[in-house]
Structures are given as C-alpha cells and as structure tokens.
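Okay, here's what each chain looks like letter by letter:
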Amino acid sequence: MMETLNLLLFVVEAIAYFALMVTLLHFRHRLGLGVFLTALGVMHFMETYLAAVFYVSLPFGDVSPGSSVFFSGKLMMILMLYLQEDAATVRQPIYGLFLGNLLTVGIAWVLQLHQPLQMSTNHTPDVDFLKEMGWLMVWGTALLYVDSLGIILLYEKLGDFFRRRVVLRFLISGFVLLTFDQIGFFAALHYFLDVPIAAFWGGWKAKMLAVCLYAAMFAFYEYRVRRIGAAGSARSISDVFGDLTFRERYNDLLERTGRDMLTGVYDRTRMEMEAPLMLLEALKQGSFATVLIIDADHFKDVNDGYGHLQGDEVLKAIAARLGTTLRSSDRVFRFGGEEFVAVCPGTDHEEGLLLAERLRWTIATSVKTPDDRPITVSIGVATADEDGVDFTAVLTAADGRLYAAKKSGRNCVVGRSGVVKLS
C-alpha cells in the first residue's frame, strides 16, 4: 500500500515540476528568461541533497525523488530550452551552476577555519556534510554539462532518422542520457555516501518512468499548447517543427549558401573559408592533405562550337563525376570558369596521384560533346605538408603543376615528380 502511494506521489511530483517549469519557459518573453533559469538553478541543492539522503520505496525499488524526478526533469527542460532558444542560451544555467558549486566547495573549506558558536543545542553546524554536498554538486553539474551536450547532439542526430517525430527523439534522447547519468552520479553516491548498489536499478527504472511522463507532457505541450500559438501563423505546425532549433536552422542555411548555382558544388568563397581549416586539421592529426586542381581542356572550343548552354552541361557533367568519384570526406569547389579544386584530407601524394588519374580517366571516358567527342581534363596535384603547410602554398604548387600539365599536351596528371599519365 505504501509503495503504491509513493508511486502516486512520484507521478504527481513529476507532473507538478514539469507543469511549473514549462509554464515559466512558455511565458519567458513576458516574464523574462531569468525567471525560468533561476527556478531551474535553485532546485539544484535540493536535488543533490535528496539524492544523497532521501529515498522512498516504489514497487520496482528504492529511489530518490531528487535524482529521479527533479534532476531528470531538469535535463529534459534543458533540452526544451534548447529547442526553443539555442545552444548559447543553454550554456548559461550550466556554467552558472558549475561555478556556484565550486564556490560552495571553496567556502566550505574556508568555514572549517572558523570556531563557530553553539547558538542552539539542537542544531550543530555540519561543515563536513556541506563540503560533501558541495563536491557532489560539482560532480553532478559536471555530469549535467556532459548530459546536456549529449542530449542535444543525440536529439539532432536522431533528426536524420526521425525528422518530424520530435516527441520520439525527445523520448529516446532522455532514455540514453539519463542511463548514462545514472551510472555516473550513482558512482559518486556510492563513493562519498556508501549508497548501496541495490539502489542503482531502482533509480534507473524511476528515471525511465520519469522520462516517459515528461515525454507525454512534452507531446501535449507541443501538439496542444504551442499549436494554439501557431494558429495565427500562415505556416503549418510541421514547418514549425522543422525549424525548432538553432542548429537545424543553421545547418539548413549553411547547406543552401556557398554553392555554385550551375554545378551544385561549393563555390570559391566557401573554399576560402573551409579549405584552410581542412588542411590545418589534417596536419594537426599528423596526416596529409592533398589538393587537386582540375581544368577542362579546350573548354573555349566547346562554348564556341556548341554554345554556352552546352558548355554548361559539360561543366555539370564534370562536377557530377567529381562528386561520384571522390570520397565523402573530400570537398569539391568550383574555382572559377572551367576549373575545380578538390581538397582530400588524409590523402598522401601517391594516393592523390592515383585519385587524380582515376578522375581523369572517368571524365575522359564518360563526358562527351553532342557529336560524341570526349571531354578531357588536366590535373595538378600538391600535398601538405610536403608542398607547403598552408592552403595558399599548396594551392599555388598545384596550380603550377596544372600549368605544366597543359604544357605537356593536356589530358594528363602532373605531380611532384612530373607527368603521371600522358595519353
């Protein structure tokens, strides 16, 4: 009977917590986001205290409402905050909690130097307990930081598979990260306070139950409460779900910008932004990065003989062959006119020459003019760090070798040792 009553109270606590916090989040533009963040923060000491000393018996084990209800609710509310704001806003409460808990530990150490007065016979200051709680809170907040990053990244990754099913993504993310958190936080409870191992499974089951409750309430909020606010908008609710998060909006914008309108590959501006970083990252990892410059041979003759529209089709075909031949980690950019640049991280010079030759052969055997004449390309190859340690130096070396390929009769690849293939 007592276990059933405790379970009922557990559900009531979860509903009450979620209802209050989501109300503050929903009206953040009227009340100010600080009200929500403050309410989120002041619960942290009680969560940690209850997780350390307060346990109740449920049908599936002994659990602490502090960990199972309130901490679980806090993590799910951080995910909701991310969905409605962005990652920069989410960092604020996490950093604030972490610094506040470090301050708690520091003050507890200083307080030990005092000789406190005994003002009441029933209340004796327990500085050791305060210090223990401080360290638990620091550990809990460090886990919260990892949990928050993990739950956001997992939610976004699940979008690749369940783009429109935000409630399912919410539920799965909670299951995974709160399982991780249960392992991490229980280890600290067992170490500092000797909480028995048996409490681990009860706490984990309670957290999974809490996630189910929070996901159900999240679904109600999204499909009932937020829909009312969206009714006056011309956009459908599916459109709202599609751009809920900053990361999704940013990635969508990034994918639609920096593209060459004709060929669909990245443009020169994007190259100047990304290629130097790709080379730098490869060198930091102790690897190579090879740059190819690909130039269509006698392209002016194509434009003059068949028209610019046919010339555009040739460029599209070349770009398509580059996209299918290169690896997913490689990047192709349109350098200008009939020239393309491919940046291939993790590729040494010999591998780059083989890749360039495969590109040359693929284009020569599959791209044709309207009268079935083959289109060929010349390719210059250079590699970091042997040909330079920055993108400009490597690109210059590759450009010089492209010029040498042109002088050598075209339809060939030139690397550091000269012509690789001459047809």
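From a predicted model like this one, the values you see are computed outputs, not experimental measurements.

1. What about the overall build of the protein?
Now for step 1: The secondary structure content of the protein amounts to 15 helices and 8 strands.
Now for step 2: Considering only contacts in the protein between residues 6 or more positions apart, those separated by 24 or more positions represent 70%.
Now for step 3: With an accessible surface of roughly 21,300 Å², the protein has 63% of that area assigned to carbon and sulfur atoms.

2. A look at the UniProt feature "transmembrane region" (unreviewed entry) in the protein
Now for step 1: Taking the UniProt record as the reference, the feature "transmembrane region" (unreviewed entry) is found at residues 6-27, 34-57, 63-82, 94-113, 133-155, 167-193 and 199-221.
Now for step 2: Structurally, residues 6-27 is divided into 95% helix and 0% strand, and its ends, taken at the C-alpha atoms, are 32 Å apart.
Now for step 3: Along residues 199-221, the helical share is 100% and the strand share 0%, with 32 Å between the first and last C-alpha atoms.

3. So, the packing of helix H12 (residues 299-306) against helix H13 (residues 308-325)
Now for step 1: Where H12 meets H13, the axes come as close as 7 Å, and the angle between the chain directions of the two elements is 140 degrees. Classified by the interaxial angle, the pair formed by H12 and H13 is oblique. Touching Phe299, Val302, Asn303 and Tyr306 of H12 are His308, Gln310, Gly311, Val314 and Leu315, all from H13.
Now for step 2: By residue class, the composition of the contact of H12 with H13 is 5 nonpolar, 4 polar and no charged.

4. Considerations on helix H11 (residues 268-284)
Now for step 1: In a regular helix each residue adds 1.5 Å, so 17 residues correspond to 24 Å; H11 covers 24 Å between its end C-alpha atoms and thus fits that length.
Now for step 2: Among all positions of H11, only Arg270, Met271, Glu274, Ala275, Met278, Leu279 and Ala282 are buried.
Now for step 3: Positive backbone phi, at 75 degrees, marks Gly286, one or two positions downstream of H11.

5. As for the confidence of the model for the protein
Now for step 1: On average, residues of the protein score 83 in pLDDT, and 84% of them reach the 70 mark or higher.
Now for step 2: Ranking the elements of the protein by mean pLDDT puts helix H9 (residues 237-242) last, at 39, and strand S3 (residues 289-296) first, at 97.
Now for step 3: Throughout residues 229-245 the model reports pLDDT below 50, and contacts reaching past four residues in sequence, or to other chains, amount to 26 contacts.

6. Let's talk about the packing of H11 against helix H15 (residues 391-407)
Now for step 1: The interhelical angle for the contact between H11 and H15, taken along N-to-C directions, is 100 degrees, at an axis separation of 9 Å. Relative to H15, the element H11 is oriented roughly perpendicular. Along its contact with H11, which presents Met271, Ala275, Pro276 and Leu279, the element H15 presents Phe391, Val394 and Leu395.
Now for step 2: Looking at the contact of H11 with H15 residue by residue, the class counts come to 7 nonpolar, no polar and no charged.

Cut-offs and rules
- Residues numbered from 1 in each chain as written.
- Predicted model: local features only at pLDDT ≥ 70, side-chain atom pairs only at ≥ 80, totals over all residues.
- Heavy atoms only, no water.
- Helix = DSSP H or I, 4+ residues; strand = E, 2+ residues; numbered from the N terminus.
- Contact = heavy atoms within 4.5 Å.
- Areas by Shrake-Rupley, 256 points an atom, 1.4 Å probe, with all protein chains shown as cover.
- UniProt positions renumbered as here; feature names shortened; annotations may be inferred.
- Axes fitted to C-alpha atoms, helices over the stretch in contact; angles between N-to-C directions.
- Parallel < 35°, antiparallel > 145°, perpendicular 65-115°, else oblique.
- Nonpolar A, V, L, I, M, F, W, Y, C, P; charged D, E, K, R; others polar.
- Expected span 1.5 Å × (residues − 1).
- Buried < 20%, exposed > 50% of the residue type's maximum accessible area, 1.4 Å probe, protein only.
- pLDDT = per-residue confidence, 0-100.

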